[in-house]
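Secondary and tertiary structure notes
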Amino acid sequence: SQTIHQWPATLVQPVGSPLSLECTVEGTSNPNLYWYRQAAGRGLQLLFYSVGIGQISSEVPQNLSASRPQDRQFILSSKKLLLSDSGFYLCAWSSPQDSPEKLFFGSGTQLSVL
Amino acid sequence: AQTVTQSQPEMSVQEAETVTLSCTYDTSESDYYLFWYKQPPSRQMILVIRQEAYKQQNATENRFSVNFQKAAKSFSLKISDSQLGDAAMYFCAYRRRDLIFGKGTKLSVKP
């Protein structure tokens, strides 16, 4: 069966520090991968999605970036964190063969930028 | 641009009773998909139910069912025989290309 792993679960970082959140999917190949952010009291905002290795689409211009070095690995990064980057980050995957595509979410990372 | 509106920030239901969560959306598309996701205190997002816009029949999943009114652009979720484990944030979502979420409704279940 397919599983999605996301880490770390919580992270506290100072303003200006770098960020690297990792997400991996097991049990499937060539998944679509997504990064969402959930700000306190708000819904989810799509940040990045990827349909294949090295293929990244950005939905919101910001100081975050994403990379997909391997088929089932999706990384969210920042060179210098801002206070506004605080939030709950969720990685998700879907199968391109599924119609309509259902998203399966990881357990999330709570990021606090101080 | 597509938007999803959940007008009830919080709802409460007695255990074993029925509750309906509201969702409206705005789109000019005719072919799309709608979803309800549940986010318990663990924060993980769990798919509850999905509906294809081209289907007139309302989707059902055990105790969960939807009332899909395409002309009114309404997609409400009904939870029957509410259980304590149903307490969570519920998000309505619309998908044409990207998945767009509403701001959520916090559901409390009273024993």
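Shown above is the structure to which this text applies.
**Here's the deal with the sheet that holds strand 1 (residues 3-7) of chain A**
Residue and element names in this part refer to chain A.
- Strand order in the open sheet formed by four strands is 1-3-8-7, and the pairing between neighbours is antiparallel. Single-partner strands in this sheet number two, and they are strand 1 and strand 7 (64-70). Neighbouring strand axes in the sheet, compared pairwise and without regard to direction, differ in orientation by 15 degrees on average.
- Pairing analysis gives six bridges linking strand 3 (residues 19-26) to strand 8 (residues 73-78), with the strands arranged antiparallel. What sits directly across from glutamate 22, in strand 8, is isoleucine 75.

**Thoughts on the side chain of B:Gln8**
- Checked against the element boundaries, B:Gln8 lands in the loop between strand 1 (3-5) and strand 2 (10-14).
- On the basis of relative accessible area, B:Gln8 is assigned to the buried category, the value being 16%.

**Topic: the environment of B:Ser65**
Residues and elements named next belong to chain B.
- With respect to the secondary-structure elements, serine 65 resides in strand 8 (residues 64-69).
- The class for serine 65 is buried, based on a relative accessible area of 15%.
- Sequence separation of serine 65 and serine 76 is eleven residues, and the distance between their C-alpha atoms is 8.4 Å.
- Excluding its chain neighbours within four sequence positions, the residues that come into contact with serine 65 are Ile49, Ala59, Thr60, Ser76, Leu77 and Lys78.

**Quick notes on the pattern of salt bridges**
All names here are of chain B.
- Under the definition given, this model contains five salt bridges over all chains.
- The partner of aspartate 26 in a salt bridge is lysine 73, with the nearest N and O atoms 3.8 Å apart. Separated by 47 residues along the polypeptide, aspartate 26 in strand 4 (residues 24-26) and lysine 73 in the loop between strand 8 and strand 9 (74-79) bring together distant segments of the chain.
- The partly exposed category is assigned to aspartate 26, whose relative accessible area is 40%.
- You can call lysine 73 partly exposed: its relative accessible area is 25%.

**Things to note about the interface of chain B and chain A**
- On the chain A side, the residues contacting the 19 residues of chain B number 22 residues.
- Each partner contributes to the roughly 1700 Å² buried at the junction of chain B and chain A, and carbon and sulfur atoms together form 51% of this total.
- Considering only the side of chain B, the residues that lose the most area to chain A are B:Arg43, B:Arg50 and B:Arg95, jointly responsible for 29% of the buried surface there.
- For the pair chain B and chain A, the interface holds zero salt bridges.
- Breaking the side of chain B that touches chain A down by element, the ones donating at least two residues are strand 5 (33-39), strand 6 (46-52), strand 10 (88-95) and strand 11 (99-101) of chain B.
- Broken down by element, the side of chain B that touches chain A gets its largest block of residues, four residues, from strand 5 of chain B.
- A class-by-class count of the residues in the side of chain B that touches chain A yields eight nonpolar, four polar and seven charged.

**Topic: the state of the cysteines**
All names here are of chain A.
- Within the structure shown, the criterion is met by two disulfides over all chains.
- Bridging cysteine 23 to cysteine 91, the disulfide has an S-S length of 2.0 Å. Looking along the S-S bond of the cysteine 23-cysteine 91 disulfide, the torsion reads about -75 degrees, which is the left-handed sense. Pair noted here: cysteine 23 is in strand 3 and cysteine 91 is in strand 9 (residues 87-94), with a separation of 68 residues, a long-range link. This pair shows no difference in class: cysteine 23 is buried, exactly as cysteine 91 is.

Cut-off values and rules
- Each chain carries its own residue numbering, running from 1 in the direction its sequence is written.
- Starting at A for chains and at 1 for ligands, labels are handed out in the order in which the entities are written.
- Reporting in this predicted model follows two pLDDT cut-offs: at least 70 for local features of residues, and 80 or more for side-chain atom pairs to be given and counted; totals over whole chains, interfaces and linings ignore these cut-offs and use all residues.
- As a convention, hydrogens and water are excluded, and side-chain values are obtained from all of the structure's heavy atoms.
- When DSSP locates at least two bridges between a pair of strands, those strands are taken to pair.
- Only DSSP runs of H or I with at least four residues qualify as helices, and only runs of E with at least two residues qualify as strands; both kinds are numbered from the N terminus onward.
- To obtain each axis, a line is fitted to C-alpha atoms, and for helices this fit is confined to the stretch in contact; angles are then taken between N-to-C directions over 0 to 180 degrees.
- Think of it in three bands: with a 1.4 Å probe and only protein chains considered, a residue is buried below 20% of the maximum accessible area for its type, exposed above 50%, and partly exposed in between.
- Any two residues whose heavy atoms approach within 4.5 Å at even a single point are treated as in contact.
- The rule for a salt bridge is simple: a side-chain nitrogen of Lys or Arg has to be within 4 Å of a carboxyl oxygen of Asp or Glu.
- The term buried area denotes the loss of accessible surface (1.4 Å probe radius) that occurs when two parts are joined, taken as the sum for both partners.
- We call Asp, Glu, Lys and Arg charged. Ala, Val, Leu, Ile, Met, Phe, Trp, Tyr, Cys and Pro are nonpolar, and the rest, Gly among them, are polar.
- Pairs of cysteine sulfur atoms within 2.5 Å are identified as disulfides in what follows.

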